[in-house]
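# Close look at the chain arrangement
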Amino acid sequence: MPLLVAAQCQSELAHLQALIDRPSITPNDAGCQPYIAAQLSRLGFEILHLPSQGVANLIAWRPGTPRLAFCGHTDVVPAGLHWQVDPFTLTEVGGELFGRGIADMKGGIAAFLTAIERALDQGANLDGLMVLLTADEEGEAEHGSRVIAEFLARQGKLPPWVLVGEPTARRMSGDTLRVGRRGAISGELILSGKAGHVAYLQSRENLLHRAMMLGAELCALPWDQGAPDFPGTAFHLTGLEHGQWLDNVTPGKVTLRFNLRYSHHTNAELIDQRIRALMPADLVGELSWSRPCEPYFSSFDEQQPNFLTVVEKAVFAGLGQFPVLSTAGGSSDGRFFRAHGAQVIELGLPNATIHQANERVSKAEYLRLIAIYETLLLSL
Ligand SMILES: [Zn+2]
């Protein structure tokens, strides 16, 4: 029997409930940021709303030298079908908390907000703490964290440490930290030639044959293998289109589509050069790129005091084990802050159900995340 959390008045879930109940489907903020701003303002934070092209962005800070920023997004993907509960009402069923965005990533935001309250109650010095939120992460991410990071960097106010509250865990909050992400880019190669009748063509004159051979060469192109702490570059064909099909005619135009996930050992320019170099001189091709996301990677070797050590200790206190460091998964807004020199670590809830129907996390893991964030804030 589902329990609407509202009826229980649980203060530890109050912020989570307030955020889940606001249906903030990208790029709509649906009042999430004003709610958070009101809470933070009450806790001594200064507030700046920084909208860009209709996207809501929030910068909140405690006066003082910038030390740590918590970064996140208030937008969620659409609910879709097949939910057992209302996706926009926080609901508890058998120890699990349900709601769209609860893992990705309103749970992380609400947990951090709760942790701030608890840390301040214990007299923590949170001067220089920032909270940076956007409602444009699940979409194109053009007018969100990128704008916030550029704004802060221009003013020399970007903190050296950025904690991203994305759901990075496998089973238990904090079991995995992300310290980097591969880059991503999509390519489209349009090959043009003459359509022909199969009865009068040589194999080499068939544009579809040529496109498939080129596709095989693209697949066989060797890329960097990465390193123990970072996965290598991978190429995937994602589409082959040739227009209307006729059983005895070869196409005059073929489009190959592909996507690359790439490590910080390469970049979009090198990828473009290597793929252009494969193009046969006698083929007419037009190559274009879309949805570029730069990779990022934080290394902590020489840094003192060490952000990674501080985070690992907080995880150990809440989880009883040290986290695994990972750079797997899709891209994240962490890249925009890393690009301006901040050390970036992603630490959040288990991600098993993100973007799915019945998105949920166990209440125990939500409470664990609050405890980890609280320890982190107390150790600043
Ligand atoms: Zn997310």
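Look a little higher up for the structure.
Attention in this report is confined to the structure presented alongside it.

Definitions and cut-offs
Residues numbered from 1 in each chain as written. Predicted model: local features only at pLDDT ≥ 70, side-chain atom pairs only at ≥ 80, totals over all residues. Heavy atoms only, no water. Phe/Tyr/Trp six-rings, centres within 6.5 Å; stacked < 30°, edge-to-face > 60°. Helix = DSSP H or I, 4+ residues; strand = E, 2+ residues; numbered from the N terminus. Buried < 20%, exposed > 50% of the residue type's maximum accessible area, 1.4 Å probe, protein only. Polar contact = N/O pair within 3.5 Å; in protein donor to acceptor, adjacent residues only side chain to side chain. Contact = heavy atoms within 4.5 Å. Salt bridge = Lys/Arg side-chain N within 4 Å of Asp/Glu carboxyl O. Pairing = 2+ DSSP bridges. Axes fitted to C-alpha atoms, helices over the stretch in contact; angles between N-to-C directions.

## A word on the packing of aromatic side chains
The relation between two aromatic rings is expressed through the spacing of the ring centres and the mutual angle of the planes. Under the definition given, this model contains 8 aromatic pairs. On the numbers, 5.3 Å between centres and 85 degrees between planes, the contact of F230 with F297 is edge-to-face. Taken together, the residues F230 in strand β14 (residues 230–231) and F297 in strand β19 (residues 296–297) connect sequence positions 67 residues apart. Chaining the aromatic ring pairs together yields one cluster made of F70, F112 and Y373.

## Digging into the side chain of N206
In this structure, N206 sits in the loop between β12 (196–197) and α5 (207–220). Exposure remark for N206: the relative accessible area of 10% places this residue in the buried category. Only 2.8 Å separates the side chain of N206 from the backbone nitrogen of L208, close enough to count as a polar contact. With residues near it in sequence (within four places) discarded, N206 still touches T250 and P251.

## Remarks on the pattern of salt bridges
Applying the stated criterion across every chain, the model contains 15 salt bridges. Where E374 meets R118, a salt bridge forms, and the shortest distance between an N and an O atom there is 3.9 Å. One end of the pair, E374, is in helix α9 (residues 363–378); the other, R118, is in helix α3 (residues 102–121), with 256 residues separating them in the sequence. The exposure class of E374 is buried, given its relative accessible area of 14%. We classify R118 as partly exposed; its relative accessible area is 30%. The salt bridge involving R210 is made with D282; its shortest N-O contact spans 3.0 Å. Of the two residues, R210 sits in helix α5 while D282 sits in the loop between α6 (268–277) and β18 (284–293), which places them 72 residues apart along the sequence.

## Some points on the sheet that holds strand β15 (residues 234–241)
Strand order across the open sheet formed by 4 strands is β15-β17-β11-β18, with antiparallel pairing between neighbours. Each edge of the open sheet carries a strand with a single partner, namely β15 and β18. Each neighbouring strand pair of the sheet contributes to a mean axis angle of 20 degrees, computed without reference to strand direction. Where β15 and strand β17 (residues 253–262) come together, 7 bridges link them in antiparallel fashion. Its bridge partner lying in β17, E241 is registered against T255. Sheet strands in contact with α5 are β11 (183–192), β15 and β17, and its direction is about 10 degrees off that of β17. The sheet strands contacting α6 are β11, β15, β17 and β18, and the helix crosses β18 at an angle near 160 degrees.

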